[in-house]
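# Survey of secondary and tertiary structure
The chain contents come next:
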Amino acid sequence: MNRTLVLVSALGAGLMTTAGMAQTAASPATTPSAPQPAAAEVAPQPIPAKIALVAFEQAVFGTNEGQRTVQEVQKKYEPKKAQIDTLSQEVDSLKKQLQSAPATLSDTERATRLKNIDTKEKQLNREAEDAQTAYQADLQEAYGKIAQKVSVTLKKYVADNGYTLLLDVSNQQSNVMWAVPSTDVTKAVVEAYNASSGVAAPVPSAPAATHPRPATTTPHAAAAPKK
């Protein structure tokens, strides 16, 4: 027990001696230096605003590639549109025949004709809705593919021309109520994309149709299958 106390006391004394020597050796280095002046704060500098407006959806469909793609989608649905038009004409014809039927037409015959009209009208509505849904889906898919590429051109254009803010005014619910016409870069972006894509302008359809918007809106009547 006494030997243990002696050993602990010796170790304690040695550690204290070592710590004192280390403190003595380090004392010159810990001498406080003269206070350094604080770095001056840099005030934020305002950047002059340069705002650009773009009707992005119209730009996408306004490019040569966009116009060509819309024509291809329209061409794909021409046979279905013709089929729906024929069915619509048939329904109209049956209605006119019933309206001009003599008063002597029996109730049974009238009920049969009404049932036939109702059946064909439901078929017409169903086929027209299915065709419209498929048409919109194809149009939206085409829009998405081209929009990705036009977006790259758009961002490069505004960056190269020093714009600090870009606003999309495609939606009619846009908060922009008025702007100087020179801030609209839609046409410039379309021209820049046409130049970089190398796609030639398509031959206008006859009659020329307004370019449809993506699936959030209804395409032009001449382009979509009609009921």
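Residues numbered from 1 in each chain as written. Predicted model: local features only at pLDDT ≥ 70, side-chain atom pairs only at ≥ 80, totals over all residues. Heavy atoms only, no water.

In this section: the overall build of the protein chain. When helices and strands are tallied, the protein chain shows six helices and two strands. Put simply, the protein chain runs from its N terminus to its C terminus through helices and strands in the order α-β-α-α-α-α-β-α. Taken over 227 residues, the protein chain has a buried fraction of 28%. Counting contacts in the protein chain only where the partners sit at least 6 residues apart, residues at least 24 apart contribute 86% of the total. Carbon and sulfur atoms make up 59% of the accessible area of the protein chain, which amounts to about 15800 Å² in all. (Helix = DSSP H or I, 4+ residues; strand = E, 2+ residues; numbered from the N terminus. Buried < 20%, exposed > 50% of the residue type's maximum accessible area, 1.4 Å probe, protein only. Contact = heavy atoms within 4.5 Å. Areas by Shrake-Rupley, 256 points an atom, 1.4 Å probe, with all protein chains shown as cover.)

Before going further, it helps to spend a moment on the confidence of the model for the protein chain. On average, residues of the protein chain score 81 in pLDDT, and 73% of them are at 70 or above. Helix 1 (residues 2–26) is the least confidently modelled element of the protein chain, averaging 42 in pLDDT, while helix 2 (residues 56–62) averages 97, the highest of any element. Within the model, the stretch residues 1–29 combines pLDDT values under 50 with zero contacts to residues more than four positions away or in other chains. Within the model, pLDDT remains below 50 along residues 208–227, and this stretch shows 55 contacts once partners closer than five positions in the same chain are excluded. (pLDDT = per-residue confidence, 0-100.)

This next bit is on the packing of aromatic side chains. Throughout the structure, instances matching the rule amount to two aromatic pairs. Ring centres 5.6 Å apart and planes at 80 degrees place the aromatic pair Y77 and Y135 in the edge-to-face group. With Y77 in the loop between helix 3 (64–76) and helix 4 (78–99) and Y135 in helix 5 (residues 107–160), this residue pair connects regions lying 58 residues apart in the sequence. For the pair shown, Y77 and Y135 are each scored as buried. (Phe/Tyr/Trp six-rings, centres within 6.5 Å; stacked < 30°, edge-to-face > 60°.)

This part is about helix 3. Spanning 13 residues, helix 3 covers 19 Å between terminal C-alpha atoms, matching the ideal 18 Å at 1.5 Å per step. Where helix 3 is concerned, the buried positions are N64, E65, G66, T69, V70, V73 and Q74. (Expected span 1.5 Å × (residues − 1).)

This part covers helix 5. The end-to-end C-alpha separation of helix 5 is 77 Å, in line with the 80 Å expected for 54 residues at 1.5 Å each. The sharpest bend along helix 5 reaches about 25 degrees and sits at A147. Note on helix 5: the residue one or two positions beyond its end, G162, has a positive phi of about 75 degrees. (Bend = angle between axes of the 7 residues up to and from the residue.)

Here the focus is a nonpolar patch on the surface. A cluster of nonpolar side chains, namely M177, W178 and V180, defines an oily patch on the protein surface of about 450 Å² accessible area. By relative accessible area, M177 is classed as exposed at 83%. (Patch = residues over 30% accessible without salt bridge, like charges linked within 9 Å, V, L, I, M, F, W, Y side chains within 5 Å. Salt bridge = Lys/Arg side-chain N within 4 Å of Asp/Glu carboxyl O.)

Glancing now at the side chain of E127. Looking at the secondary structure, you find E127 in helix 5. With near-sequence residues (within four places) excluded, E127 lies in contact with K80, Q83, I84 and L87.

With 20 residues, the main nonpolar core has F56, V60, Y143, V150, L154 and V185 as its most contacted residues. The element that contributes the greatest number of residues to this core is helix 5, accounting for eight residues. By size, the runner-up hydrophobic cluster in this structure holds six residues, among which are I84, L87, L124 and A128. (Core = buried A, V, L, I, M, F, W, Y, C linked by side-chain atoms within 4.5 Å.)

Time to look at the environment of S106. Residue placement: S106 occurs in the loop between helix 4 and helix 5. A distance of 3.1 Å separates a polar side-chain atom of S106 from the backbone nitrogen of E109. (Polar contact = N/O pair within 3.5 Å; in protein donor to acceptor, adjacent residues only side chain to side chain.)

Turning next to the packing of helix 4 against helix 5. As a packed pair, helix 4 and helix 5 sit with axes 10 Å apart at the nearest point and diverge in direction by 160 degrees. Of the possible angle classes, the one that applies to helix 4 and helix 5 is roughly antiparallel. In this structure, helix 4 meets helix 5 at a crossing whose hand is left-handed. In this structure, helix 4 contributes K80, Q83, I84, L87, S88, E90, V91, L94, K95, Q97 and L98 to the contact, and helix 5 contributes R110, R113, L114, N116, I117, K120, E121, Q123, L124, E127, A128 and A131. Looking at the contact of helix 4 with helix 5 residue by residue, the classes come out as ten nonpolar, five polar and eight charged. (Axes fitted to C-alpha atoms, helices over the stretch in contact; angles between N-to-C directions. Parallel < 35°, antiparallel > 145°, perpendicular 65-115°, else oblique. Left-handed = near helix turned anticlockwise from the far one by under 90°. Nonpolar A, V, L, I, M, F, W, Y, C, P; charged D, E, K, R; others polar.)

Attention now goes to the side chain of T153. Here T153 lies in helix 5. When its relative accessible area of 14% is taken as the criterion, T153 is described as buried. Contacts of T153, omitting those with residues within four sequence positions, involve V189, A192, Y193 and S196.

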